[in-house]
Amino acid sequence: MAKRRSTNASSPIITAEKDLPTRFEDLGLSDRALAAVSDMGYEAPTPVQAASIPAVLAGTDVMAAAQTGTGKTAAFLLPTLDRLGHARHGQGPLMLVVTPTRELAAQIEEVATAICARTGHTATVLVGGVSYEPQRAALHKGCDLVVATPGRLIDLINSGDCNLSQVETLVLDEADRMLDMGFLPDMRRIVSKTPASRQTLLFSATLSDDVLDNTKSLVNNPVRIEIAHKGTAAETIEQFVLPISHEAKNDALIGILHREGAERVIVFVRGKHRADAVCRRLRKAGIECAPIHGNRSQNQRASALRRFADGEVGVLVATDVLARGIDIPNVAYVVNLDVPSDAEDYIHRIGRTGRAGEFGWALTFATPEEEFDLRDIEQLMGKNIPVYPRAQGIPLGENPLVLDPNRTPADRLPGKKERKKLVDERREARMARTAEIVASRSPRGAQAQRGPKGNRPGESPIPPEKPKAGRRRGKATTQQRPHAKKPETAGRAGRPQGRRHPGDHGGMGRR
Ligand code: AMP
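This structure is a prediction, so every number in the text was calculated from the model and none was measured. (Residues numbered from 1 in each chain as written. Predicted model: local features only at pLDDT ≥ 70, side-chain atom pairs only at ≥ 80, totals over all residues.)

## Things to note about the overall build of the protein
So, step 1. The number of helices and strands found in the protein is 16 helices and 14 strands.
So, step 2. The burial tally for the protein puts 47% of its 511 residues in the buried class.
So, step 3. By sequence separation, contacts in the protein at least 24 residues apart represent 80% of the contacts at least 6 residues apart. (Helix = DSSP H or I, 4+ residues; strand = E, 2+ residues; numbered from the N terminus. Buried ≥ 20, exposed ≤ 12 C-beta atoms within 10 Å, placed from the backbone. Contact = placed C-beta atoms within 7 Å.)

Written as C-alpha cells, this is what we have:
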C-alpha cells in the first residue's frame, strides 16, 4: 500500500516560454532517445517538452498543465523510457500510464512504439472493449510499460493478472478528464497498488483547484509546469456562433456542410443517441459520416477514426469522448451542433482543428436554451464569439437566439437557480409553440403536412439531447430576456471587421 504523499507549497512552478531550451540535444536525453525524436520527425521541443523532460530525467514528480496538442505524450514518454530499466521474464510493468479513453491509449501506444523501437522496451495496452486473453498473456509474459484505461486495469488487478508492485514510474494522463468521468476512486485504487517510492507524473489540461485538491496526495513535492492557461483556445482557431432555433439545427447543419464543405469536419453533439440520429440524417442527405461515442465498440471507434483519417468519411459525429486528446491532423473545421454544458469541453472540442500551427475554425450553434452555456464559454475565454457571417440562406427557425451585441464576458450571469428557471421557461415556451402549431391543424391537415416519417414541420426527426439531471434546458422568446438590446442575429450581421471569412480559408475550396 502506498504511503500518503503530498504536494509541497514551495514546489517550483515553471511557466512556459521562459528561458526554456530550444533544442532536444540540450534536454539531457540519451542518444537513443534523440534517435527516437529524429524517427518521429520532431525538430524542436514544444514548451511542455522543454519544461518537463529535464525535470522527469532528474527523477522529480511533475504536475503539468498542458492542453492537448502540445506534445505532452512525448513529454512524458521520452524521458521516462530513456531512464527505465527492463523487466525480467514474467515481471513488470516497471512503468504505468493511466489514461481515460481507449483512443488516448492508442495514441500513447503509437508514440511509445516509436520510442521503444530505440530503447528496446516492450509496451502493452490494457483497454476495455476487446478480449481479455491477449492482455493477460502479455502481462504474464512480462512487460516494461503498460498503458491502460482505469476500468480494464482494475479488472486485471482484481483477477490477479496485473501486479503493480514493481512500478517505478506512474503517469496519470488527462487527470482532469479522469476526475470528470468519475474515475477518482479507480485512480486512488490503482495508485495504492504501486510502491510509494515511485516517480509520479500528472498531466492535465488544467490544474484547477479541483484537480489539485483531488490529486495532491498522489504526488510528492512535484515540479509544477503551467503551459496552458485556463480558457486559452489556440490562436489559430477562428470561432463563430450561429444563433438558431432548436428545431432548425438539423437542416442548418446540412446547409452548413453543403456551404463550407463536408470533408474533414467534426460535428460535436450532446449524447450518444443523438450522434447516431444525426448520422442517419446526414447520410439521407448524401453526406458520408460516422458516429463516434462511448456506446460504440473499440473496433467501431477505431474504424471510424481510421476511415475519417483516410478521407473515406468526411464527417465524424462525436460526443465529448473524442474532444480531448485525439490527434487527427488537418481537421478543416469543427461544428458544435450543441453547446457543451462544460465550458472547458468547448476548448477541447475546438482544439481538434487548428492543431500544430495549422489554420482552423469552429462554428457553434446556439439556441435560446443554450445561451447561458455559450455565455459561460465566452466568460472562460474572456472574449465574445462573433456571429457567423455567412448564415444567409441557412434556415435558422422562427425563434432563434438573439444575442445581445453589447454583452461582455465580464457580465454577471444568472446563478444556478435563476438560470434553471429561465432555461425551463424558454423550453416550456418552445413546447407551447409547438403544441399550438399542432393544435391549429386538423388531423387531416396535420397528416398531410407530416414528413415521410410522420414528422411534423418544424419537428426534428433527430431526438433532442436528454436533459441532464439538474441541468434541464428550456427556451423562451427573446422578449423574455430583459437584457436583450440590439439583436445581433446571424442573418443581419455583416462580415465581422478584420476577420477572414470561413469560406476564405478552405471551407468552400475543400468541397
Ligand atoms: P500530443 O499533445 O502528445 O497529443 O501531441 C500532439 C501532436 O504533436 C502529435 O501529432 C505529435 O506527433 C506532435 N508533436 C509532439 N511533439 C512534437 C514536436 N516536438 N515537434 C512537432 N510535432 C510534435
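## Considering the pairing of strand S2 (residues 62-65)
Successive residues of a regular strand alternate their side chains across the two faces of the sheet.
So, step 1. Of the two faces of S2, the one holding Val62 and Ala64 and the one holding Met63 and Ala65 are both buried throughout.
So, step 2. As defined by bridge partners, S2 adjoins strand S7 (residues 199-204) across four bridges and the pair is classed as parallel. Residue pairing for S7: Ala64 is matched across the bridge by Phe203.
So, step 3. By the bridge criterion, four bridges tie S2 to strand S8 (residues 223-226) in an arrangement that is parallel. Counterpart to Ala65 in the pairing with S8 is Glu226. (Pairing = 2+ DSSP bridges.)

## Remarks on the pairing of S7
So, step 1. Among the six residues of S7, six are classified as buried, and the element is accordingly described as predominantly covered.
So, step 2. The alternating pattern of S7 places Gln199, Leu201 and Phe203 and Thr200, Leu202 and Ser204 on opposite faces, both of which are buried.
So, step 3. With four bridges joining them, strand S6 (residues 169-172) and S7 adopt parallel strand pairing. Bridge assignment links Leu172 to a residue of S7, and that residue is Leu202.

## Things to note about the packing of helix H2 (residues 47-57) against helix H3 (residues 72-83)
So, step 1. Running from N to C, H2 and H3 cross one another at 25°; their axes reach a closest spacing of 9 Å. One element, H2, and the other, H3, form an angle in the roughly parallel class. As H2 packs across H3, the resulting crossing turns out to be right-handed. Of H3, the residues touching H2 (which contributes Val48, Gln49, Ser52, Ile53, Val56 and Leu57) are Lys72, Ala74, Ala75, Phe76, Leu78, Pro79, Thr80, Asp82 and Arg83.
So, step 2. Class assignment for the residues of the contact of H2 with H3 results in nine nonpolar, three polar and three charged. (Axes fitted to C-alpha atoms, helices over the stretch in contact; angles between N-to-C directions. Parallel < 35°, antiparallel > 145°, perpendicular 65-115°, else oblique. Left-handed = near helix turned anticlockwise from the far one by under 90°. Nonpolar A, V, L, I, M, F, W, Y, C, P; charged D, E, K, R; others polar.)

## Remarks on the nonpolar core
So, step 1. One finds Leu78, Leu96, Val147 and Ala148 to be the most contacted residues of the largest nonpolar core, which totals 67 residues.
So, step 2. Not counting chain neighbours up to four residues away, the residues in contact with Ala148 comprise Leu96, Val98, Ala105, Leu126, Val127 and Leu153.
So, step 3. Formed by 58 residues, the second largest nonpolar core is a distinct cluster that contains Val241, Ile244, Val267 and Leu403. (Core = buried A, V, L, I, M, F, W, Y, C linked by C-beta atoms within 7 Å.)

## Some thoughts on the sheet that holds strand S9 (residues 237-243)
So, step 1. Across the sheet, which stays open at both edges, the six strands sit in the order S9-S14-S13-S10-S12-S11 with parallel pairing between neighbours. For this open sheet the edge positions go to S9 and strand S11 (289-292), each flanked by a neighbour on one side alone. Strand after strand, the sheet turns through a mean of 20° between neighbouring axes, direction not considered.
So, step 2. Sheet analysis places S9 next to strand S14 (residues 360-366), joined by seven bridges and oriented parallel. Following the sheet pairing, Gln239 is matched in S14 by Ala362.
So, step 3. Lying over the sheet, helix H11 (residues 272-284) contacts strand S10 (265-268), S11 and strand S12 (315-318), oriented at roughly 180° with respect to S11.

## Thoughts on the packing of helix H1 (residues 31-40) against helix H4 (residues 102-119)
So, step 1. Running from N to C, H1 and H4 cross one another at 140°; their axes reach a closest spacing of 8 Å. The angle between the axes of H1 and H4 places the two elements in the oblique class. Once H1 is placed against H4, the crossing between them reads as right-handed. Judged by residue contacts, Arg32, Ala33, Ala35, Ala36, Asp39 and Met40 of H1 engage Ala114, Ile115, Arg118 and Thr119 from H4.
So, step 2. A per-class count over the contact of H1 with H4 returns six nonpolar, one polar and three charged.

## A few points about helix H12 (residues 298-309)
So, step 1. Spanning 12 residues, H12 covers 16 Å between terminal C-alpha atoms, matching the ideal 16 Å at 1.5 Å per step.
So, step 2. In the core, the buried residues of H12 are packed alongside H4, S11 and S12.
So, step 3. Gly311 sits one or two positions beyond H12 and adopts a positive phi of about 85°. (Expected span 1.5 Å × (residues − 1).)

Treat this as a map of the structure, not an account of what it does.
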